[in-house]
Amino acid sequence: MQYPFDIEAELHSSLYDREVKVKKASKIKTTNKIPLLKSVPKKSISKPKYTIAVTGLNAIDSPGPGISVIRALRDATSFDVRIIGLSYESLEPGIYMHDLVDKTYQVPYPGAGQEVLFDRFAYINSIENIDFLFPNFDAELFNFISLKEKMEMELGIKMVLPTQEQFEARHKVNLFEFGKKNKIKVPFAKMVYSLNEIPAITKEFGFPLVVKGKFYDAKIAYSNDQAMQHFNKISTEWGLPVLIQQFVHGSEVNVCGVGNGKGVTLGAVPMRKLYITDKGKAWAGVTLDDKNLLNTTQSFVKNTKWCGAFELEFIKTADDDYFLIEINPRFPAWCYLTVGAGQNQIESIVNLAMEKKVIPYKEYVVGKMFIRYSYDMIVNMNEFEQISTIGEL
Amino acid sequence: MKIKTNIALSDSGFLFNPSTGDSYSVNPIGQEIIRLFQEHKTMDEVVKQITKEYRIDKDTVEKDLYDFQNMLQSYKLSE
């Protein structure tokens, strides 16, 4: 492991070396006859250039992972990229970030169905010739997993995704059973389909407890009334069932990682949120030195033969016990921290799809932080008009 | 007292626990005490060192050191 203070020391020593070298070099007398510098022919290192499509451009206060994924792709050293943004709404900020996204196309909502989605991709692909696709929303994954083979066979678009079985097994509503099977502690949870079921469950679990939507959102309830209020709000937004989960006291620690589908962890970086917004999103975080968490992650990948990106969310109790509270089958919005810590897991996934040699990351920098910020872009109305009317920008 | 081996303490007194992500500020004396513990000095040796360096009686150092030790333990910075 490397620590932040070690890095600082290294940086200082290299700066010092450079100063010494400059001083020495300035003492050298030069003549016009002997060229001190000769141009050396550059070795041409040919890197492939991939066209990669990315969803999740909603870099808002509850951000999608798209922009972080794109930044990681642009940092990749083994290939160059042309980035195709895929948006659902005209105000997703990533659409207008032209230094990161080369072109954006609107795509239909998951509810429109797989046929409509495939047709839209066939159109986009006829223009862009997409090599790889990064879906970044839980809600769109079912369709993309179902279309994975067809997209690759007919359009040549590759994806690295969990199987439908893996996707379902880790679903919030199945997580308790999943934990039992894989020997990972998971808080007790029950699915609720109507308000009438709540009093019996609250009696069993006690307060506080957590009310969760099947895709997003989680609220803590301290009374029956509050649990019912949360149930109504969440079920209206995300549908049924709503999950009621035992509340575990402790601090939240998460792991961002990649599995190769054969039981091997290609990368894993644990992080603790340092600053949490009112929506429960991390606004700052730091990488951790936590061997228990890494071991748990590796056994999760080994047991499930997980394929693709994932985020494991744990609660670490005061007794250093870990409770798995969620598995997200995609990269989290903070995934760029893994790049900052020395693991470009996003690059690994693309290389895995392109059947290049991918060496699993074993190390990362501990104590590397991310701090999120918001930024007001100034956008011309004609750009907004273009994406709203033509669906392309 | 044994300070956890992965604890990082900078010259400015910034202390980072990489297992939990927590960070703390330590004043110069606290910093010195942690460094002495990191050098595997015993409680008695630490008390001796501090009383030798500063104009302070042994009882006060022992009491403060005991409090400080409890604090390090409660923050899980020691083993």
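My aim in this report is to walk through the structure given alongside it, one point at a time.

**A short note on the overall build of chain B**
Argument step 1. Broken down by element type, chain B carries three helices and three strands.
Argument step 2. Listing each helix as α and each strand as β along chain B from the N terminus yields β-β-β-α-α-α.
Argument step 3. Its C-alpha atoms give chain B a radius of gyration of 12 Å, within 12% of the compact-globule value 12 Å for 79 residues.
Argument step 4. Across its three principal directions, the C-alpha atoms of chain B cover 35 × 25 × 20 Å.
Argument step 5. In chain B, which comprises 79 residues, the proportion classed as buried is 42%.
Argument step 6. Residue pairs at least 24 apart in sequence account for 42% of intrachain contacts in chain B once pairs closer than 6 positions are excluded.
Argument step 7. For chain B, the accessible area works out to roughly 4,800 Å², and carbon and sulfur atoms hold 51% of it.
Argument step 8. Across chain B, the 10 positively charged side chains and the 13 negatively charged ones have centroids separated by 3 Å.

**Some thoughts on the overall build of chain A**
Argument step 1. Scanning chain A from N- to C-terminus turns up twelve helices and 14 strands.
Argument step 2. Every one of the 393 residues in chain A was classed for burial, and the buried ones make up 49%.
Argument step 3. Counted over contacts in chain A with a minimum sequence separation of 6, partners at least 24 positions apart contribute 65%.
Argument step 4. Summed over all atoms, the accessible surface of chain A reaches about 20,500 Å², with 54% contributed by carbon and sulfur.

**Here we look at the packing of helix H2 (residues 43-53) of chain B against helix H3 (residues 58-74) of chain B**
How two helices sit against one another is set out by the angle between their axes and by the gap between those axes.
Residue and element names in this part refer to chain B.
Argument step 1. At a minimum axis separation of 10 Å, H2 and H3 run at an interaxial angle of 125°. As summarised for this structure, H2 and H3 are arranged oblique, according to the angle between their axes. For the crossing formed where H2 meets H3, the hand is right-handed. Of the residues in H3, those in contact with Met43, Val46, Val47, Ile50 and Thr51 of H2 are Lys58, Val61, Glu62, Leu65 and Gln69.
Argument step 2. Grouping the constituent residues of the contact of H2 with H3 by class yields six nonpolar, two polar and two charged.

**Regarding helix H9 (residues 291-304) of chain A**
Residues and elements named next belong to chain A.
Argument step 1. Helix length check: H9, at 14 residues, gives a terminal C-alpha distance of 20 Å against a target of 20 Å (1.5 Å per residue), a fit within 8%.
Argument step 2. The elements touched by buried residues of H9 are helix H5 (164-169), helix H6 (175-181), strand S9 (251-260), strand S10 (265-276), strand S12 (307-316) and strand S13 (322-328).
Argument step 3. Put simply, Asp290 is the residue that caps the front of H9, since its side-chain oxygen is 3.3 Å from the backbone nitrogen of Asn292.

**Comments concerning the interface of chain A and chain B**
Argument step 1. Listed by partner, the interface residues are 14 residues for chain A and twelve residues for chain B.
Argument step 2. Interface area, chain A with chain B, both sides summed: about 930 Å², of which 55% is carbon and sulfur.
Argument step 3. Linking chain A with chain B are two salt bridges.
Argument step 4. The shortest N-O distance in the salt bridge between Asp320(A) and Lys76(B) comes to 3.5 Å.

**Some words on the packing of aromatic side chains**
Aromatic ring pairs: the centre-centre distance and the angle between the two ring planes describe each pair.
Residues and elements named next belong to chain A.
Argument step 1. This structure, assessed with the given rule, holds 14 aromatic pairs over all chains.
Argument step 2. Centre to centre, the rings of Tyr50 and Phe79 are 5.1 Å apart; their planes meet at 55°, and the pair counts as tilted. Of the two residues, Tyr50 sits in strand S1 (residues 49-54) while Phe79 sits in the loop between helix H2 (66-75) and strand S2 (80-87), which places them 29 residues apart along the sequence. By the burial criterion, Tyr50 is buried, and Phe79 matches it.
Argument step 3. For the pair Phe132 and Phe134, a centre-to-centre distance of 4.9 Å together with 70° between the ring planes defines the contact as edge-to-face. Exposure class is identical for Phe132 and Phe134. Each is buried.
Argument step 4. Members of the aromatic cluster, each reached through a chain of ring pairs, are Phe178, Phe300, Trp306 and Phe310.
Argument step 5. The ring of Phe118 carries Lys150 above its face, with NZ or CZ at 4.1 Å from the centroid.

**A look at the sheet that holds strand S2 (residues 14-17) of chain B**
All names here are of chain B.
Argument step 1. Here three strands make up an open sheet; going across it, the order is S1-S2-S3 and the pairing antiparallel. With one partner strand each, in any of the chains shown, strand S1 (8-9) and strand S3 (22-25) form the two edges of the open sheet.
Argument step 2. In the sheet, S2 pairs with S3 via four bridges, with the strands oriented antiparallel. The residue bridging Phe16 from the neighbouring strand is Ser23, located in S3.

**What to know about the environment of Thr277(A)**
Argument step 1. Tracing the sequence through the fold places Thr277(A) in the loop between S10 and strand S11 (282-287).
Argument step 2. Placed 215 residues apart in sequence, Thr277(A) and Ser62(A) show a C-alpha to C-alpha distance of 8.7 Å.

**Points about the packing of helix H7 (residues 198-205) of chain A against helix H8 (residues 224-238) of chain A**
All names here are of chain A.
Argument step 1. At a minimum axis distance of 10 Å, the contact between H7 and H8 shows a crossing angle of 125°. What the angle tells us is that H7 and H8 run oblique. Of the two possible hands of crossing, H7 and H8 adopt the one that is right-handed. Counting all contacts with H7, which are made through Ile198, Pro199 and Thr202, the residues of H8 involved are Asn224, Ala227, Met228 and Phe231.
Argument step 2. In terms of residue class, the contact of H7 with H8 is made up of five nonpolar, two polar and no charged.

**Focus: the sheet that holds strand S14 (residues 369-371) of chain A**
Residue and element names in this part refer to chain A.
Argument step 1. Ordered in space as S13-S12-S9-S10-S11-S14, the six strands form an open sheet in which the pairing is antiparallel. For this open sheet the edge positions go to S13 and S14, each flanked by a neighbour on one side alone. Taken over all neighbouring pairs, the strand axes of this sheet differ in orientation by 25° on average, direction set aside.
Argument step 2. Packing against the sheet, helix H11 (residues 345-353) makes contact with S9, S10 and S12, and its axis sits at approximately 25° to S9.

Here is what the cut-offs are and how they apply
- Residues numbered from 1 in each chain as written.
- Chains lettered and ligands numbered in written order.
- Predicted model: local features only at pLDDT ≥ 70, side-chain atom pairs only at ≥ 80, totals over all residues.
- Heavy atoms only, no water.
- Helix = DSSP H or I, 4+ residues; strand = E, 2+ residues; numbered from the N terminus.
- Rg over C-alpha atoms; globule rule 2.2 N^0.38 Å.
- Buried < 20%, exposed > 50% of the residue type's maximum accessible area, 1.4 Å probe, protein only.
- Contact = heavy atoms within 4.5 Å.
- Areas by Shrake-Rupley, 256 points an atom, 1.4 Å probe, with all protein chains shown as cover.
- Lys, Arg positive; Asp, Glu negative; His and termini not counted.
- Charge placed at Lys NZ, Arg CZ, Asp CG, Glu CD.
- Axes fitted to C-alpha atoms, helices over the stretch in contact; angles between N-to-C directions.
- Parallel < 35°, antiparallel > 145°, perpendicular 65-115°, else oblique.
- Left-handed = near helix turned anticlockwise from the far one by under 90°.
- Nonpolar A, V, L, I, M, F, W, Y, C, P; charged D, E, K, R; others polar.
- Expected span 1.5 Å × (residues − 1).
- Polar contact = N/O pair within 3.5 Å; in protein donor to acceptor, adjacent residues only side chain to side chain.
- Buried area = accessible area lost by both parts, 1.4 Å probe.
- Salt bridge = Lys/Arg side-chain N within 4 Å of Asp/Glu carboxyl O.
- Phe/Tyr/Trp six-rings, centres within 6.5 Å; stacked < 30°, edge-to-face > 60°.
- Lys NZ or Arg CZ within 6 Å of the ring centre and 35° of its normal.
- Pairing = 2+ DSSP bridges.

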